[in-house]
Amino acid sequence: MNQALKTALVGVGKVTDMHARALENLKESHFTAVCSRSKEKSEVFASRYGIRAYTDVGEMVIKEKIDVVLICTPHPNHREPTIAALEAGAHVLIEKPLASSLEDCDAMIEASRRCERQIGVVCQRRWYLPAMRVKEAIDAGKIGKPVFG
């Protein structure tokens, strides 16, 4: 029998509750901890889910033996917690986009390779019917070549 992965969240903003409910309900997930720069916000969030609160990503990953960290911070703040989680030994899933700059993306990808841990990006809307119709129209040459997205 497969054991559930120990999971944790970083960030306590507007999308975090949605991800927390998913982690809480997935049989493959043992939702364990949350991390925020604000001790108070982290503790309030943790109390809602019966998990532990942290203000340091690396410490959280190591102490709780976290397998996967989900990054839910604002886009410009994805790099630091991602690299900290990777270096502490966790795989990382990042709420889109990967980062706000190419430099941050490159640093995160390099850390993933160096630490031999995987990173991924949440792109849940790629399977929405309207998005699939746009992709089909692009592939069929009906609306021209995209230059910005």
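Look a little higher up for the structure.
Residues numbered from 1 in each chain as written. Predicted model: local features only at pLDDT ≥ 70, side-chain atom pairs only at ≥ 80, totals over all residues. Heavy atoms only, no water.

Let's talk about the overall build of the chain
Here's step 1: When helices and strands are tallied, the chain shows six helices and six strands.
Here's step 2: Element order for the chain, N to C, with α for helix and β for strand: β-α-β-α-β-α-β-α-β-α-β-α.
Here's step 3: Along the first, second and third principal axes, the C-alpha set of the chain runs to 55 × 35 × 30 Å.
Here's step 4: When the 149 residues of the chain are sorted by exposure, 36% land in the buried category.
Here's step 5: The long-range fraction of contacts in the chain, counting pairs at least 24 apart against all pairs at least 6 apart in sequence, stands at 56%. (Helix = DSSP H or I, 4+ residues; strand = E, 2+ residues; numbered from the N terminus. Buried < 20%, exposed > 50% of the residue type's maximum accessible area, 1.4 Å probe, protein only. Contact = heavy atoms within 4.5 Å.)

Section: the layout of surface pockets
Here's step 1: Estimated volume of the largest pocket: approximately 630 Å³.
Here's step 2: As for the largest pocket, its lining consists of 26 residues, and the residues nearest its centre are Gly11, Arg37, Thr73, Pro74 and Asn77.
Here's step 3: When residues of the lining of the largest pocket are assigned to their parent elements, the largest contribution, three residues, is made by helix α4 (residues 79-88).
Here's step 4: Approximately 180 Å³ is the volume found for the second largest pocket. (1 Å grid on protein atoms, 1.4 Å probe; cavity = no way out; pocket = protein on both sides within 12 Å on 5 of 7 lines; lining within 4 Å. Points joined across faces, edges and corners; volume = space filled by probe spheres on them.)

What to know about the nonpolar core
Here's step 1: Of all hydrophobic cores here, the largest spans 24 residues; its most connected members are Val10, Met60, Val61, Val69 and Ala85.
Here's step 2: Counting residues per element, the ones that place at least two in this core are β1 (5-10), β2 (29-35), α3 (57-64), β4 (68-71), α4, β5 (91-95) and α5 (102-115).
Here's step 3: Tallying contributions element by element places α5 first for this core, with five residues.
Here's step 4: The contact partners of Met60, leaving out residues within four places of it in the chain, are Ala8, Leu9, Val10, Ala33, Val34, Cys35, Tyr54, Lys65, Ile66 and Val69.
Here's step 5: Counting residues in each nonpolar core, the second largest holds 12 residues, with Leu9, Leu23, Phe31 and Val122 among its members. (Core = buried A, V, L, I, M, F, W, Y, C linked by side-chain atoms within 4.5 Å.)

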